[in-house]
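Coordinates in review
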Amino acid sequence: MKTVLVPVEPHASIQSVLETALLVGGKFAAHIEGFALRPAIGNVVTMDPVNSLTVVSLRENDLEIIKEARGIFESFMRGKGVPNADGAGAGAGLSCAWFDGAPGGEDFVGNYGRVFDLIVLGRPAKSRQGPRMATLESALFESGRPVLLAPPAPPRDIGDKILIAWNCSTEQARATAFAMPLLRKAARVVICTVDGATVPGPTGEQMARNLLRNGVRAETMTVALGQRRAGEVILAQAEALGSDLIVKGAYTQSRLRQMIFGGTTQHILTHATVPVLLAH
């Protein structure tokens, strides 16, 4: 995980996003690149006729958002002593840079994210001032890369005690593969299967054997679902184990079904208080 992308916008959890990116970046002497995430001007303009004064006002506001986002990113990195280096010059150690050519809109997150090892985002919030679900969906479904979801409050550690939420699915297999660099550095890895919340596929024990052949020693555990949802069980186990990272395949069920009926991914997106590495 040598390249980390951080979309930056002013919201309550942006400090947690930056702290999370720095924690994981520090583990791999990575290059962390930020850019200003904001709505596309075309999406803000309504179907009604817009006069030139309105367009100028929107462009001025866009420039202010970019300036504020850049200030947040560079002030944070400077305060943490992270050296600035452009993408071509990075590689010798932990470094950062700001990408100033990003267009507005959520689509850019997924498009540009394809050339990074990891995308770090904030946990989607219900309020308009917080991170948006549309940003996460762009990263998850368009980039082909893993997404590290930062909790609302900045974490102290990441990747020392990892819980893999194993449900035997393709999505979970992909998330686990993406997490391999972190798994190799972890002090403890637990593969947690929730009985009654899996799809046909290899067991947690079979995954543990594969991980061992890849240099990762993992414990396995199976937890009863009981009267709780699978997402509740996973978060409860992560808390009980003191896990500082959850590895989760995203949307084994469809997004529409999870929106209507709820689901494990949806519950974790709403309630996780530790970083979550997601992949679809």
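Definitions and limits used
Residue positions are counted from 1 within each chain, in the order its sequence is given. With the structure being a predicted model, the display of local features is reserved for residues of pLDDT at least 70 and the display and counting of side-chain atom pairs for 80 or more, all residues being used for whole-chain, interface and lining totals. Heavy atoms from the whole structure form the basis of all side-chain values; hydrogens and water molecules are not counted. Only strands that DSSP links by at least two bridges are regarded as paired with each other. Helix numbers and strand numbers start at the N terminus; a helix is a DSSP run of H or I with at least 4 residues, a strand a run of E with at least 2. Here the axes come from fitting lines to C-alpha atoms, over the contacting stretch only for helices, and the angles between their N-to-C directions go from 0 to 180 degrees. For the purposes of this section, nonpolar cores are sets of buried Ala, Val, Leu, Ile, Met, Phe, Trp, Tyr and Cys residues that join through side-chain atoms within 4.5 Å. We call a residue buried when its accessible area falls under 20% of the maximum for its residue type, exposed when it is over 50%, and partly exposed in between, using a 1.4 Å probe and counting protein chains only. It only takes one pair of heavy atoms within 4.5 Å for two residues to be counted as in contact. The arc in question is formed by the directions pointing from the helix axis toward the C-beta atoms. If an angle is under 35 degrees, it is roughly parallel; if it is over 145, roughly antiparallel; if it lies from 65 to 115, roughly perpendicular; otherwise it is oblique. Helix crossings get a hand from a simple test, with the near helix turned counterclockwise from the far one by less than a right angle marking a left-handed crossing and a clockwise turn marking a right-handed one. Only Asp, Glu, Lys and Arg are considered charged, only Ala, Val, Leu, Ile, Met, Phe, Trp, Tyr, Cys and Pro nonpolar, and every remaining residue, Gly among them, polar. Using a grid of 1 Å spacing that covers the protein atoms alone, one calls a set of points a cavity when a 1.4 Å probe fits there but cannot get out, and a pocket when the set is open and has protein on both sides within 12 Å along at least five of seven lines; lining residues are those with an atom within 4 Å of a point. Grid points are joined across faces, edges and corners, and a volume is the space filled by probe spheres set on the points. Salt-bridge detection follows one rule: a side-chain nitrogen of Lys or Arg within 4 Å of a carboxyl oxygen of Asp or Glu. The convention is simple: Lys and Arg are positive, Asp and Glu are negative, and His and the chain ends are not counted. Here a Phe, Tyr or Trp ring, Trp counted by its six-membered ring, pairs with any other such ring whose centre lies within 6.5 Å, and the pair is stacked when the planes are under 30 degrees apart, edge-to-face when over 60, and tilted otherwise. By this rule the span expected of a helix is its residue count minus one, scaled by 1.5 Å.

Let us now look at the sheet that holds strand β1 (residues 3-8). Ordered in space as β3-β2-β1-β4-β5-β10-β9-β6-β7-β8, the ten strands form an open sheet in which the pairing is mixed. Both edges of this open sheet fall to β3 (95-98) and β8 (218-224), since each of them pairs with a single strand only. Averaged over neighbouring strand pairs, the angle between their axes works out to 25° when direction is ignored.

This next bit is on the nonpolar core. If you look at the biggest cluster of nonpolar residues, it comprises 49 residues, and the most contacted ones within it are V6, L183, L211 and L277. Beyond its immediate chain neighbours, meaning those up to four positions away, V6 contacts V17, L18, A21, I32, E33, G34, F35 and V120. Core analysis: the second largest hydrophobic core is formed by 36 residues, F35, F116, V194 and A272 among them.

It is worth spelling out helix α6 (residues 170-178) at this point. Because an α-helix packs 3.6 residues into every turn, residues spaced three or four apart end up facing the same way. The set of residues buried in α6 consists of E171, Q172, A175 and T176. Mapping the buried residues of α6 onto a view down its axis gives an arc of 135°, with all of them on the same face. Packing partners of the buried residues in α6 comprise β6 (161-165), α7 (180-185), α8 (204-213), β9 (245-249) and β10 (276-279).

Below, the discussion takes up the packing of helix α9 (residues 230-241) against helix α11 (residues 264-271). Relative to each other, α9 and α11 sit at 50°, their axes nearing to 7 Å. By the angle between their directions, the pair α9 and α11 is classed as oblique. The way α9 lies across α11 gives a crossing that is right-handed. Residues A230, G231, E232, I234 and L235 of α9 pack against T264, H267, I268 and H271 of α11. When grouped by side-chain class, the residues that make up the contact of α9 with α11 number four nonpolar, four polar and one charged.

Our next topic: empty space enclosed by the protein. For the structure on display, the rule yields one cavity of 30 Å³ or more. As a volume, the largest cavity reaches approximately 90 Å³. In this structure, the largest cavity is lined by P7, E9, H11, V17, L37, L121, G122, P124, P131, R132, T135 and L136. Those elements giving two or more residues to the lining of the largest cavity turn out to be β4 (118-122) and α5 (133-142).

As a further point, take the pattern of salt bridges. Going through the model one piece at a time under the given rule, you end up with nine salt bridges. Close ionic contact of R38 with D62 constitutes a salt bridge, the shortest N to O distance being 2.7 Å. Of the two residues, R38 sits in the loop between β2 (31-36) and α2 (41-44) while D62 sits in helix α3 (residues 52-79), which places them 24 residues apart along the sequence. Each member of the pair R38 and D62 is classed as buried. For R188, the salt bridge identified is with E219, shortest N-O distance 2.7 Å. Of this pair, R188 sits in strand β7 (residues 188-195) while E219 sits in strand β8, and the two are 31 residues apart along the sequence. Exposure remark for R188: the relative accessible area of 31% places this residue in the partly exposed category.

Relative to the elements of secondary structure, K248 occurs in strand β9. Although buried, K248 forms no salt bridge, and the nearest oppositely charged side chain, E171, lies 7.8 Å from it.

Residues V276 and L278 line one face of β10 and the alternating positions L277 and A279 line the opposite face, and both faces are buried. Taken together, the three bridges between strand β5 (residues 147-150) and β10 define a ladder with antiparallel strand orientation. Residue pairing for β10: V147 is matched across the bridge by L278. Bridge count between β9 and β10: four bridges; the pairing is parallel.

Moving on: the packing of aromatic side chains. Scanning all chains against the criterion turns up seven aromatic pairs. Here F35 and F108 contribute two aromatic rings whose centre-to-centre distance is 5.1 Å and whose plane-to-plane angle is 85°, an arrangement assigned as edge-to-face. Taken as a pair, F35 in strand β2 and F108 in helix α4 (residues 107-112) lie far apart in primary sequence, 73 residues in all. The pair F35 / F108 is uniform in exposure class, with both members buried. A ring pair is formed by Y112 and F116, whose centres lie 5.2 Å apart and whose planes are at 70°; its orientation type is edge-to-face. Here F116 falls in the buried class, since its relative accessible area comes to 5%.

In this section: α9. With twelve residues, α9 ought to run about 16 Å at 1.5 Å a step, and its terminal C-alpha atoms sit 17 Å apart, in line with that. Inspection of α9 places A230, G231, V233, I234, L235, Q237, A238 and L241 among the buried residues, and these make up the whole buried set. Residues of α9 that are buried sit in contact with β6, β7, β8, β9 and α11. With its phi angle positive at about 70°, G242 sits one or two positions after the end of α9.

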